[in-house]
Amino acid sequence: MKLVINGRQREARSTTLAALVEEFGFQAACVATALNGEFVPRHERDRTALTPGDRVEVLAPMQGG
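A quick note: this is a predicted structure, and the numbers were derived from the prediction, not measured.

(A) Inspection of the pairing of strand β3 (residues 32-35) at higher detail. Two elements, β3 and strand β5 (residues 55-59), share four bridges in a ladder whose sense is antiparallel. Pairing of Ala34 across the sheet is with Glu57, part of β5. Pairing of β3 with strand β4 (residues 38-40) involves three bridges; the strand directions are antiparallel. Across the sheet, the residue bridging to Thr33 is Val40, located in β4.

Printed below as a string of structure tokens:
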């Protein structure tokens, strides 16, 4: 299905947010996620269904100073 992931249109096989995080190689424990502008806690990703056209943001902490 076509989704917008971090501002880029992408094709994904995943049907849940948890599966999408894994499919794209993000480290699930180290990222924050949002679906269509709403924060999704890690413990809710398994039951958060995706539909075509959804906007997903996956944010990882950055190091530096």
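Read on for the rest.
(B) Molecular detail of the pattern of salt bridges. Scanning the model with the defined rule gives one salt bridge in all. With its nearest N and O atoms 3.8 Å apart, the salt bridge here joins Glu23 to Arg13. You can see Glu23 sitting in helix α1 (residues 17-23) and its partner Arg13 sitting in the loop between β2 (8-11) and α1, a full 10 residues away along the chain. A relative accessible area of 25% means that Glu23 is categorised as partly exposed. A residue is classified by how much of its surface remains accessible, and Arg13, at 70% relative accessible area, is exposed.

(C) Structural view of the sheet that holds β5. Read across the open sheet, the five strands follow the order β2-β1-β5-β3-β4; overall the sheet is mixed. One side of each edge strand has no neighbouring strand; the edge strands of this open sheet are β2 and β4. Here the strands of the sheet are splayed against their neighbours by 35° on average, with no regard to which way each runs.

Conventions adopted
Residues numbered from 1 in each chain as written. Predicted model: local features only at pLDDT ≥ 70, side-chain atom pairs only at ≥ 80, totals over all residues. Heavy atoms only, no water. Pairing = 2+ DSSP bridges. Helix = DSSP H or I, 4+ residues; strand = E, 2+ residues; numbered from the N terminus. Salt bridge = Lys/Arg side-chain N within 4 Å of Asp/Glu carboxyl O. Buried < 20%, exposed > 50% of the residue type's maximum accessible area, 1.4 Å probe, protein only. Axes fitted to C-alpha atoms, helices over the stretch in contact; angles between N-to-C directions.

Note that every value here comes from positions in space, so none of it alone points to a role or purpose.
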